[in-house]
Amino acid sequence: MSNSAQIGVTGLAVMGRNLARNFARNGYAVALHNRTAARTHALVEEFGSEGDFIATETAKEFVAALERPRRLVIMVKAGEPTDAVIQEFAPLLEPGDMIIDGGNAHFADTRRRERELREQGIHFVGAGISGGEEGALNGPSIMPGGPVESYESLGPMLEKISAKAEDGAPCVTHVGPDGAGHFVKMVHNGIEYADMQLIGEAYQLLRDVAGYSPAQIADIFRTWNTGRLDSYLIEITAEVLSHVDEATGKPFVDVVQDQAEQKGTGRWTVQIALDLGVPVSGIAEAVFARSLSGHSALREASRGLAGPSATALSESEASAFADQVEQALYASKIVSYTQGFHEVAAGSAEYDWNIDLGAVASIWRGGCIIRAAFLDRIREAYDAQAELPSLLSDDTFAQEIAAAQDDWRAVLVSAVQQGVPTPGFAAALAYYDALRAERLPAALTQGQRDFFALDGVPHLPDRHRRELRGRRREAPHRPPQSD
Ligand code: 6PG
């Protein structure tokens, strides 16, 4: 077999297959490999005319089909299957070759794999790829991490197959060393969860408070999609809401079970944020909202609990309320991106990745699930000031939130009064108010900690320590000392 393939893809389920086709359609010769060879041959049979495919049946054949340095993309399930594939191929590779993991791997696994393979001289590139099946085929947003040398030969290929932003820039950049790419993809997914939750809350408010039908709400989302909320997720929400279930004639959203699944990347975003000490409350609420939705027995047992029932608004009130919801959604969205970018900055500092936040915003402008017009403005904000303490410190975003805040608060008042759960909107507003507060009750929390753990608190001035000790002696129900 001649070693003429410029890239190889192993793992030909839908994402791998579409990525392989994307490379081939862009003029690259692509070696194909899959655990079951039937899938490889089916791809060539169905799509062989799209480009230059080299079907292989064994790992050896696959490796032999690749030009040097070899570029081998693995598109298998995260976790053990990825390790198994690496173990199968690594012994067949030579120094300078590259393994590119395009799955949704945990960045800590990517860091480990990169370290292990580096010892053999193999470049391991953990590349987050976003855009689902359609993106993989027609242009995804790609977030590669790993050795910078690998990007020299791999980068131009990824740029070719990636989505292009409106200004023509490819939606790919070398994010940083080892796990940086998968870390950024993880946070992308966390933001995706938050975006979806906020959109869901807007929908429910428009339905339960304003009294609109799903079809009317679809129209509202379509209108929003022509303005500052212009994004893929708003666009598809309109599509989902206007979809009618053929069997019953009812809106699809009313017949489908109201339980949202998760594969785990949103949960990782929150777990890692907790470790890094970054408050990503909006993303956390989105993860918890999905998990609450799945507790059917608990929900069933709680349905009869007391609460207000919504009162319908007049047509003009409903329309004014919809405008307020747009403001609340936009302001909450700014907050969830603020939290997500904070996490990327914190991860970058922790692991010495030196991630360019403006570049991250730039490559999320096209191809990925959270692509949105608004990301162009985030890019501008970080390009103007790379060390921006928070997106909320950017003048434009601060002004927009200032203009939105009355409506944002009014929407939350309605939600609370009418009993519509809006954890995402509420968490975003609480974050905003906490950040701008002159004083936080954390002083009191610290006082409480000092009270029951005096000796373990080095920063407490002696005068306060003495005073609190004295008071503790007088306290009627003194808790056991833990220190
Ligand atoms: C993407 C998506 C994709 C998937 C996520 C979220 O960027 O193309 O984020 O990776 O949608 O894994 O999936 P869950 O909602 O199932 O966790």
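Sequence order as written defines the numbering, with residues in each chain counted from 1. A pLDDT threshold of at least 70 governs which residues receive local features in this predicted model, and a stricter bar of 80 or more applies before side-chain atom pairs are shown or counted, although totals over entire chains, interfaces and linings include all residues. Processing note: side-chain calculations cover all non-hydrogen atoms of the structure and skip hydrogens and water entirely.

K.L.:
Residue-level account of the overall build of the protein, with values.
P.N.:
Helix and strand definitions follow DSSP, with helices as H or I runs of at least four residues and strands as E runs of at least two, each counted in order from the N terminus. Each helix and strand counted, the protein has 21 helices and seven strands in total. The atom set for the radius of gyration is the C-alpha atoms, and the globule formula is 2.2 Å times the number of residues raised to the power 0.38. Here the C-alpha atoms of the protein give a radius of gyration of 26 Å, agreeing with the 23 Å that 2.2 N^0.38 yields for 483 residues. Reported as C-alpha extents along the three principal axes, the dimensions of the protein are approximately 85 × 65 × 50 Å. In this scheme, a residue with accessible area under 20% of its type's maximum is buried, one over 50% is exposed, and one in between is partly exposed, where area comes from a 1.4 Å probe on protein chains only. Here the protein holds 483 residues, and the buried ones make up 49% of them. Any two residues whose heavy atoms approach within 4.5 Å at even a single point are treated as in contact. Expressed as a percentage of contacts within the protein between residues at least 6 apart in sequence, the contacts between residues at least 24 apart total 68%.

K.L.:
For the site of the ligand, give the residues involved together with the corresponding values.
P.N.:
With respect to spatial proximity, 15 residues lie near the ligand, and among them Ser130, Glu192, Tyr193, Lys263 and Arg290 are the closest. The separation between an oxygen atom of the ligand and a polar side-chain atom of Asn104 is 2.9 Å. Pairs of N or O atoms within 3.5 Å make up the polar contacts considered here, provided that, within protein, one atom can donate a hydrogen while the other can accept it, and that residues adjacent in sequence are counted only when both atoms are side-chain atoms. Interatomic distance of 2.9 Å between a side-chain N/O atom of Asn189 and an oxygen atom of the ligand. Accessible areas in this description were obtained via Shrake-Rupley with a 1.4 Å probe; residue shielding takes into account the shown protein chains only. When the ligand sits alone it has 410 Å² of accessible area, and the protein chains cover 82% of it. Among the elements that make up the shell around the ligand, the one with the highest residue count is helix α8 (residues 180–208) (five residues). Classifying every residue of the shell around the ligand gives two nonpolar, nine polar and four charged. Nearness is judged by heavy atoms alone; a residue qualifies as near a molecule or strand once a single heavy atom is within 4 Å of it. Here the nonpolar group is Ala, Val, Leu, Ile, Met, Phe, Trp, Tyr, Cys and Pro; Asp, Glu, Lys and Arg are the charged ones; every other residue, Gly included, is treated as polar.

K.L.:
Outline the packing of α8 against helix α9 (residues 214–224), listing residues and values.
P.N.:
With axes taken as lines fitted to C-alpha atoms, and helix axes fitted only over the stretch in contact, angles between N-to-C directions fall between 0 and 180 degrees. As a packed pair, α8 and α9 sit with axes 10 Å apart at the nearest point and diverge in direction by 130°. It follows from the interaxial angle that α8 and α9 lie oblique. Considering how the two elements wind past one another, α8 and α9 form a crossing that is right-handed. Here α8 contributes Ile199, Ala202, Tyr203, Leu206 and Arg207 to the contact with α9, which in turn contributes Pro214, Ile217, Ile220, Phe221 and Trp224. Here the residues of the contact of α8 with α9 are counted per class, giving nine nonpolar, no polar and one charged. Each angle is binned into one of four classes, with values under 35 degrees roughly parallel, values over 145 roughly antiparallel, values of 65 to 115 roughly perpendicular, and all other values oblique. In this scheme, a crossing is called left-handed if the near helix is turned counterclockwise away from the far one by less than a right angle; it is called right-handed if the turn is clockwise.

K.L.:
Please give an account of the environment of Gly266 that cites residues and values.
P.N.:
Residue position: Gly266 is located in helix α12 (residues 265–276). Each C-alpha atom, one on Gly266 and one on Ala398, is 27 Å from the other, the two residues being 132 residues apart in sequence. When residues no more than four places from it in sequence are discounted, the contact partners of Gly266 are Gly190, Tyr193, Ile283 and Val287.

K.L.:
Explain the sheet that holds strand β3 (residues 53–55) to me, using residue names and the numbers behind them.
P.N.:
One open sheet accounts for seven strands, arranged β3-β2-β1-β4-β5-β6-β7; its pairing is mixed. Both outer strands of the open sheet, β3 and β7 (141–144), are each paired with one neighbouring strand and no more. On average, each strand axis in the sheet is inclined to that of its neighbour by 25°, with strand direction left out of account. Strands β2 (30–33) and β3 of the sheet are contacted by helix α2 (residues 37–47), whose axis makes an angle of about 150° with β3. Relative to the sheet, helix α5 (residues 107–118) contacts β5 (98–101) and β6 (123–130), its axis offset from that of β6 by approximately 155°. In this scheme, strands are said to pair when DSSP sees at least two bridges between them.

K.L.:
Got a sec to walk through the pattern of salt bridges? Specific residues and values, please.
P.N.:
We count a salt bridge whenever a side-chain nitrogen from Lys or Arg sits within 4 Å of a carboxyl oxygen from Asp or Glu. Under the definition given, this model contains 27 salt bridges. Residue Asp109 pairs with Arg112 through a salt bridge whose shortest N-O separation is 3.5 Å. With a gap of three residues between them, Asp109 and Arg112 both fall in helix α5, about one helical turn apart. Taking relative accessible area as the criterion, Asp109 reaches 23% and is therefore assigned partly exposed.

K.L.:
So, a negative patch on the surface: which residues are in play, and what are the values?
P.N.:
A contiguous patch of negative charge, built from Glu166, Asp230, Glu235 and Glu239, is present on the exposed surface. Among the secondary structure elements, Glu166 is positioned in the loop between α7 (148–161) and α8. Patches here: salt-bridge-free residues with over 30% relative accessible area, like charges joined within 9 Å, nonpolar side chains (Val, Leu, Ile, Met, Phe, Trp, Tyr) joined within 5 Å. The charged-residue count follows a simple rule in which Lys and Arg add positive charge and Asp and Glu add negative charge, with His and chain termini not counted at all. In plain terms, the charge of a residue is placed at NZ if it is Lys, CZ if Arg, CG if Asp and CD if Glu.

K.L.:
Account for the packing of aromatic side chains, naming residues and giving values.
P.N.:
The criterion for an aromatic pair is that two Phe, Tyr or Trp rings (for Trp, the six-membered ring) have centres within 6.5 Å, with stacked assigned to planes under 30 degrees apart, edge-to-face to planes over 60 apart and tilted to the rest. What the rule picks out here adds up to 14 aromatic pairs. Taken together, a centroid distance of 4.9 Å and an interplanar angle of 85° make the contact between Phe107 and Phe183 edge-to-face. Of the two residues, Phe107 sits in helix α5 while Phe183 sits in helix α8, which places them 76 residues apart along the sequence. Accessibility expressed as a relative area gives 3% for Phe107, which makes it buried. Judged by relative accessible area, Phe183 falls into the buried class, the value being 0%. One cation-aromatic arrangement involves Arg21 over Phe47; the distance from NZ or CZ to the ring centre is 3.5 Å. Here the basic side chain of Arg290 rests over the ring of Tyr193, its NZ or CZ set 3.6 Å away from the ring centre. Think of it as a cone above the ring: NZ of Lys or CZ of Arg counts as a charge over the ring if it is within 6 Å of the ring centre and within 35 degrees of the ring normal.

K.L.:
Quick rundown of the pairing of β5? Include the residues and the values.
P.N.:
Burial along β5 is two-sided: the residues Met98 and Ile100 and Ile99 and Asp101 are all buried. In the sheet, strand β4 (residues 71–74) pairs with β5 via four bridges, with the strands oriented parallel. Across the sheet, the residue bridging to Leu72 is Ile99, located in β5. Note on handedness: a crossover is taken as right-handed if, strands pointing away from the viewer, the path from the first strand over the helix to the second is clockwise. Read from β4 through helix α4 (residues 80–89) to β5, the crossover connection turns out right-handed. Both β5 and β6 contribute to a ladder of four bridges, which runs parallel. Paired with Met98 across the strands is His123, a residue of β6. Tracing the backbone out of β5, into α5 and back to the parallel element β6 gives a crossover that is right-handed.

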